[in-house]
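Listed here are the chains, written in short residue letters.
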Amino acid sequence: MEHRQVNRRWVVASVASFAFVGTSVPDTNAQIRQATEQDGAADSKDESLKARGPMPPPWVLPQCYKLIQQQLYEKARQLVAPVVANHPGWAKAHFYLGLTYSKQHQHERARELFMRALKLDPSYHTVRIHCGWSSYLLGRVGESRQMFESLLAVDPNYADAVFALGLLDFDDDNLPSARQHYLRAIELCQGSKDTRTEAKARARLADVHIRTGDLQAAKQELDRSIQLKPDNAEPYFKLSRVLQRMGDAEGASRARSKHEAAVRAAQATPVPSRGRRSE
Amino acid sequence: MLRRLDGCACSPFVVALVCAISTIPSRAVADELSTMRFTDVTKASKIDFSMTSGRTPSKHLLEINGGGVAMLDYDNDGDLDLFFANGATLDDPERGPGVRLYANNGDGTFKDVTRNVGIDLRRWAMGVAVGDYDGDGCDDLYITCYGRNVLLRNVCSGVSARRFVDVTDKAGVADDRWGTSAAFADLDGDGDLDLYVVNYLEFNVDHPPVFGLRNFVGVPVMTGPAGLPPQGDVVYENLGDGTFVDITVRSGCAPAQAKYGLGVVVLDLDGDGTQDVFVGNDSVENFLFRNQGDGTFEEIGVVSGIASNADGGTQATMGIAIGDVDGNGHPDVFTTNFSGDTNTMHLNLDGLMFDDRTSQFGLAMVSRSFLSWGTGLFDFDSDGDEDLFIASGHIYPEAATHKMDTEYTQPPLLFERKGRRFGRNLEAGDMLRGRYGGRSCAFGDIDNDGDVDIVMTTLNGPVQVFRNDSPHRDVVVVELTGKGGNRHGLGSKVELVAGKTVQRRWIHGGSYQSVDAPAAYFGIGGSARKDDLSLRVTWPDARTDDYKPIPTNRRILITRGSLEFHTAPLRGHGG
């Protein structure tokens, strides 16, 4: 197999919100289109095409992607499932089918398809960020870490993977490493103007500060996170907790009100079920 | 970790946490091989009936909660008997197979004595609370139902044989909504047991919600709770004459918006000598009713941080376990939740402030695939720290046929405390690899050998009895007799002091729809100074009594007001 460079623009854009942690479905139409075209170009140059078996009709996978981008997952699935069946050697088809499931938060199915795509083409690194998140959301922390680390081995500046490692470290109660990963993710995001991931990383860095008792530092990170993404509910809630503990009951109350407003606004925007009963 | 403490914004909570952690067993303990062992003795116990909760596969919300279980000594013979709140079916919710009472024969077997003691309750029962509401020295039963709840008075004196009598109407506790959990507790500090009843939602069996209005990970599933009207909880004050009065509104426990209640524990969470009420609500904010000591409560769930998880997300909150996992002296609250979410460990920082520290204890990501219910923090291996058991099983039968990132039947989860974290134990018994529709569970020493056994109910499946067969270690079992009707000292804190190490237990009802044995179980562990043990009991009104020296491997029987205590033997400990 050829070594395919990670298409960073594609992948960075592909990290859409899952709660506030982040999951892995494209959220910018232009970037998706561009990525699809670039992936298609890479395919046409691939000398190992023969090893993949017969090529699917050239319009199918780009069309599938358009449907995913339009959130028409069932239709996308209907389109790509026969491709997977008839052209089982094509990693991209497995990947796209996996995306239709991960977007609907069916991560077990998605994970299986992502793993199959990676087995078919280990150099298809784009898959790793998606597979890493699906594994994470299934609670498979070891596998998730391995996915993110293998992606970072190819692209050490991949902010979302660095951020994800911070989450895994935090779950492992390794606070120094979590802090380091969050700080690095913030640094990378600032370079790429990825405010979404930066906002997430700052809110999670606040968790580390809360755990170590540095409430002032936690407050600063949460304020910055809110500045970056004022529509995110989670930082308001955390800020209310921090202010409450700092003795600022009024500030805490204001933050709680903003949290409630942000939750209401998010609920008013239809999104696919995250697989949580509270939705 | 915690390295930023030097010169930090010095939260007293963190200081307390660091001090507390110093009492937690060292890493050397964590590296020890597990000795925990459980044996499925369901068949040998002769508890051979299956719970009923609608039909399988469940189609409606009413069918999925399952029934509760209580460990109690109804006949005062010194061993633990078992009561099961059994359900019914949608076609006739008033005439199910009936609740069951099993007497402990003392030899590892149980006998169904339901009819012998005059119990004939065939309504769709859900949960159970145990308490001696009339102070006659015998435990009574309050059974929550879909429909009218039932108070069964344990008549244990006089010429007639022991029997249970339905005194619901006379006592004035016939709430007729969908009750889930309930708890007896001395809410007003007058010595007798009041009653908190948790209600769920309005459900009309004749016109159940249309199936499939709800969609879970792309799969149509049963409707609710969202979209169905919640039902408010009820608080009853015991008037001391065999009757109760509804004080829900007067007490301040009737918030503007009712919620979908599932679980409850009552204990002094803020350490002020009054009993507070924590209610686990399904999919919405939990309640924490702080007892203000004047007969009223203030709802502080959101302000205290216990209403949701660390991200502000509301959770399903079925089971509730209490323990002092960080050793700071305050009761921490562990709750079980839905699949795709994590269970939650709320540390009690100072009595009024809670912080979600699930990750810190290694209990977060491991729980994502499981939908969990009854739970308990107990020192199953008697090594001096508390372990964790969780009953699990999904509500959507579709999980058996569709990929929903979870399974319909699930193994129970057993976590062993290893140093500062909990580690999942898959080796301590065959049941940990089994598949059940786990629901409620109760914890206590049913074979009187000093360690903690488990009884778990399942959805439309057989009751499971898991006997703790871990190697005997030094233990202390404490049983209290409080004043008045609170004969088990419900709401008390029991501390076992061994040198500089303090272990704490709270005597409270139990977890989801269930009741644990009213006892405090302590393992001494290898490193403790077992020849220098003392006990401190903080009674529900905050009065404390100290007892010393405390012998190991005995039941310690303490009566309030007496400076002396009695002991009784434990099986297998030279008794």
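Everything quoted here is computed from the prediction, not taken from an experiment. (Residues numbered from 1 in each chain as written. Chains lettered and ligands numbered in written order. Predicted model: local features only at pLDDT ≥ 70, side-chain atom pairs only at ≥ 80, totals over all residues. Heavy atoms only, no water.)

Caption draft 1: Inspection of the pattern of salt bridges at higher detail. In the structure shown here, the tally under the stated rule is 44 salt bridges over all chains. The partner of Arg204(A) in a salt bridge is Glu234(A), and the shortest N-O contact between them spans 3.5 Å. With Arg204(A) in helix α11 (residues 195-212) and Glu234(A) in helix α13 (residues 234-245), this residue pair connects regions lying 30 residues apart in the sequence. For the pair formed by Arg204(A) and Glu234(A), the shared burial category is buried. Of the charged contacts, one joins Arg177(B) and Asp175(B) as a salt bridge, the two residues approaching to 3.0 Å between their closest N and O atoms. Among the residues examined, Arg177(B) registers a relative accessible area of 27% and is labelled partly exposed. A single network of salt bridges, built from pairs that share partners, joins Arg204(A), Asp207(A), Glu234(A), Lys238(A) and Asp311(B). (Salt bridge = Lys/Arg side-chain N within 4 Å of Asp/Glu carboxyl O. Helix = DSSP H or I, 4+ residues; strand = E, 2+ residues; numbered from the N terminus. Buried < 20%, exposed > 50% of the residue type's maximum accessible area, 1.4 Å probe, protein only.)

Caption draft 2: Quick look at the sheet that holds strand β7 (residues 140-145) of chain B. Residues and elements named next belong to chain B. The strand order across the open sheet formed by four strands is β6-β7-β8-β9, and the pairing between neighbours is antiparallel. For this open sheet the edge positions go to β6 (125-131) and β9 (163-166), each flanked by a neighbour on one side alone. The sheet shows a mean angle of 25 degrees between the axes of neighbouring strands, taken without regard to direction. As paired strands, β7 and strand β8 (residues 147-155) are joined by four bridges and run antiparallel to one another. Bridge pairing in β8 places Tyr142 opposite Leu151. (Pairing = 2+ DSSP bridges. Axes fitted to C-alpha atoms, helices over the stretch in contact; angles between N-to-C directions.)

Caption draft 3: How the structure looks around the state of the cysteines. Under the defined criterion, the tally for this structure stands at one disulfide over all chains. Bridging Cys138(B) to Cys156(B), the disulfide has an S-S length of 1.8 Å. Taking the torsion about the sulfur-sulfur bond, which here is approximately 100 degrees, the covalent link between Cys138(B) and Cys156(B) counts as right-handed. Pair noted here: Cys138(B) is in the loop between β6 and β7 and Cys156(B) is in the loop between β8 and β9, with a separation of 18 residues, a long-range link. Classification of Cys138(B) by relative accessible area gives buried; the value is 3%. By relative accessible area, Cys156(B) is classed as partly exposed at 22%. Distance from the sulfur of Cys64(A), which forms no disulfide, to the nearest cysteine sulfur (Cys131(A)) is 18 Å. Note on Cys64(A): relative accessible area 0%, which makes it buried. (Disulfide = S-S within 2.5 Å.)

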